[in-house]
Each structure stands twice: as structure tokens, then as C-alpha cells.
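A structural walkthrough
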Amino acid sequence: LALMRETAERGAALDPADAHAQLMLGTAYFARDEVELGSQAWERALALAPNDALVNRAIGNQLPIALGAERAAQGVELVQRALSQLDPFHPPFQYMSLGIPLYFSGRYAEAVAALEKVPEPWLEVRIMLALSAAQAGLRDKARRNAEEVLRLEPGFTAEAWVDNDFYRPGGSSA
């Protein structure tokens, strides 16, 4: 994590007006539990490039994880804008970015609908599908995705998955 922060800081120092460097700097700060610095870097990234689809999508996707579920609605707005207005011809795998803030905003059925648009769902997509479907009361769909998670990762446990996440969620998602 030290190398991640050092590299991100060096990139941001080379060009403080580079929104992508600020995006990565914010991510590096969150990885080291420096929430205020991470939040400031992401705010700079959005201010520097308000119409950059990648910046909007990446921050919107991770906002509720990094700063708490109370920021999920803002995350949904950023990702929806990125996908529908800023990059309307985006590849379908990017719907994963919408599923996460939808889940954290309690919009579980919408999260399922977004995540089901991912053409070849990888492990994290299957995890989020299982969680979203369970919360939406879609038991069969939740079970099928949970089974697929275990097929893809036989030793999977929720505890290990959460422990492996370098974000330290804030607010009500902690």
C-alpha cells in the first residue's frame, strides 16, 4: 500500500490538474484509511473532469464503499450519468459499476437488473448478484448465483471477501 500511495502521489505531483491522477490518488488514500484525503482527491478529480465518463463511473461505483452507504444515491447518479450521457456506447461489463451503488442505496431489484446486463459475469458480479437478489426477495436467483460463486471459488467465505477489501467503509456501511 505504501508503494501504491507513493506512485499515486508522484503522478498527481507531475500534473495536479490530471483528474485520473487525482482519482488514483484518492483510491490510494482510501486504501491506507486516509478517508479525508481520499475524499478530497476524488472531489478534485470530479471538479477537474466533470464530463469524464471514467472518473464519474469509477468514483460513483466506489463512493458508498469508501465513504458509506449514505453516499450511495450520489454514486448512482454519477454512474448513471457516466453510462447514459457521457459514454452511451460503453461496454456492457460496465453495468457492474452501477450495480454496486444501487445495492448500497437499497435498490436491490434495480441492482439485479443492472448486474444481469454484464455478459460474462466474473466472481464479484456473481457475489453482488447473489446479495442483491437475496435482498430483493428473489430466492432462486440468489441461490443460483451463490452456487456459481462457490463453483468459481470453492473456498469462498463472506468474511474473507470483506477482510480482503482494502476500503474501510465509513458511515452506515461500516
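Given the structure is predicted, the values throughout are model-derived calculations rather than measurements. (Residues numbered from 1 in each chain as written. Predicted model: local features only at pLDDT ≥ 70, side-chain atom pairs only at ≥ 80, totals over all residues. Heavy atoms only, no water.)

Close contact between helix α8 (residues 123-135) and helix α9 (residues 139-152) brings their axes to 8 Å; oriented N to C, the two are set at 155 degrees. In terms of their interaxial angle, α8 and α9 are classed as roughly antiparallel. Taken as a pair, α8 and α9 cross one another with a handedness that is left-handed. Here Leu123, Arg126, Ile127, Leu129, Ala130, Ala133 and Ala134 of α8 come into contact with α9, specifically with Lys141, Ala142, Asn145, Ala146, Glu148, Val149 and Leu152. Split into classes, the residues belonging to the contact of α8 with α9 amount to 10 nonpolar, one polar and three charged. (Axes fitted to C-alpha atoms, helices over the stretch in contact; angles between N-to-C directions. Helix = DSSP H or I, 4+ residues; strand = E, 2+ residues; numbered from the N terminus. Parallel < 35°, antiparallel > 145°, perpendicular 65-115°, else oblique. Left-handed = near helix turned anticlockwise from the far one by under 90°. Contact = heavy atoms within 4.5 Å. Nonpolar A, V, L, I, M, F, W, Y, C, P; charged D, E, K, R; others polar.)

Bringing helix α5 (residues 72-86) into the picture now. When the terminal C-alpha atoms of α5 are compared, their 20 Å separation across 15 residues agrees well with the 21 Å that a helix rising 1.5 Å per residue should span. Every buried residue of α5 is listed here: Ala72, Gly75, Val76, Leu78, Val79, Ala82 and Leu83. On an axial view of α5, the arc spanned by its buried residues comes to 165 degrees, and they lie on one face. Within α5, the exposed residues directed more than 90 degrees away from the buried face are Glu77 and Gln85. Buried positions along α5 lie against α3 (35-48), α4 (53-67) and α6 (95-104). (Expected span 1.5 Å × (residues − 1). Buried < 20%, exposed > 50% of the residue type's maximum accessible area, 1.4 Å probe, protein only. Arc of directions from axis to C-beta.)

Here we take up the nonpolar core. Membership of the largest hydrophobic core comes to 20 residues, with the highest contact counts inside it found for Met96, Leu98, Leu102, Leu115, Val125 and Met128. Elements supplying a minimum of two residues to this core: α5, α6, α7 (108-115) and α8. Broken down by element, this core gets its largest block of residues, six residues, from α6. Look past the residues within four positions of Leu102 in its chain and what remains in contact with it is Val76, Arg107, Tyr108, Glu110, Ala111 and Ala114. (Core = buried A, V, L, I, M, F, W, Y, C linked by side-chain atoms within 4.5 Å.)

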